[in-house]
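Fold and geometry: a report
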Amino acid sequence: KQLKMLQGRLSKADKQVDQTNAEVQSAIKKVRNVEEEHFAPFREATGLQDLQAYDEAIRQARDEYAKKIRSIREHLTTLRNQLEYESGRDVSRVITKHQKRLKDRSAKLEEAQKRDESLKGKVAEAKSKLEEAEVALTKASEREKKCEDEVTVAQ
């Protein structure tokens, strides 16, 4: 008894599902007909057959445009902030500091060059005295040898 009752319900449900599917198909057909009626002139003018593809392409173009605009605005903000920072910087103070450092180092270089020249003069003077001393030593050695030879001959 329950089986018959369930089979009856199942057949009713199947009929209702079939009827609903038919209604859905009919509604889809009506929507397509209305779309065809309204969008046909547009599709013919643009050469598009798939409106969803068109919508997707337009959406992507809008997204890319918005992304570019956002990127440009961010870059512009960065440039404005950098300009504000550079405008507020005291560049003349930095230049003055570097000029003073350059002047100090130039003065130290001049001192080092003068000291170098002075030392070169002292070295040259010491070399000439060394040569004179070597010559005097050589003469003294020769005189000593001569004297020793005379002493040896005298003995």
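In this report, the structure presented in the accompanying data block is examined. (Residues numbered from 1 in each chain as written. Predicted model: local features only at pLDDT ≥ 70, side-chain atom pairs only at ≥ 80, totals over all residues. Heavy atoms only, no water.)

1. Overview of the overall build of the chain
The number of helices and strands found in the chain is 3 helices and 0 strands. The linear arrangement of helices and strands in the chain, starting from the amino end, is α-α-α. Taking 155 residues into account, the globule formula puts the C-alpha radius of gyration at 15 Å, and the chain, at 55 Å, lies well above it. Each principal axis of the C-alpha distribution contributes one length, and for the chain these read about 170 × 55 × 40 Å. By element, 55% of the accessible surface of the chain is carried by carbon and sulfur atoms, the whole surface being about 15,100 Å². For the chain, the separation between the mean place of its 34 positive charges and that of its 30 negative charges on side chains is 10 Å. (Helix = DSSP H or I, 4+ residues; strand = E, 2+ residues; numbered from the N terminus. Rg over C-alpha atoms; globule rule 2.2 N^0.38 Å. Areas by Shrake-Rupley, 256 points an atom, 1.4 Å probe, with all protein chains shown as cover. Lys, Arg positive; Asp, Glu negative; His and termini not counted. Charge placed at Lys NZ, Arg CZ, Asp CG, Glu CD.)

2. Some remarks on the pattern of salt bridges
Applying the stated rule across the entire model yields 4 salt bridges. A salt bridge links Asp116 to Lys120; its shortest N-O distance comes to 3.6 Å. With Asp116 and Lys120 both in helix 3 (residues 91-154) and 4 residues apart, this pair spans about one turn of that helix. Asp116 gets classed as partly exposed once you look at its relative accessible area, which sits at 37%. A single network of salt bridges, built from pairs that share partners, joins Glu56, Arg59 and Asp63. (Salt bridge = Lys/Arg side-chain N within 4 Å of Asp/Glu carboxyl O. Buried < 20%, exposed > 50% of the residue type's maximum accessible area, 1.4 Å probe, protein only.)

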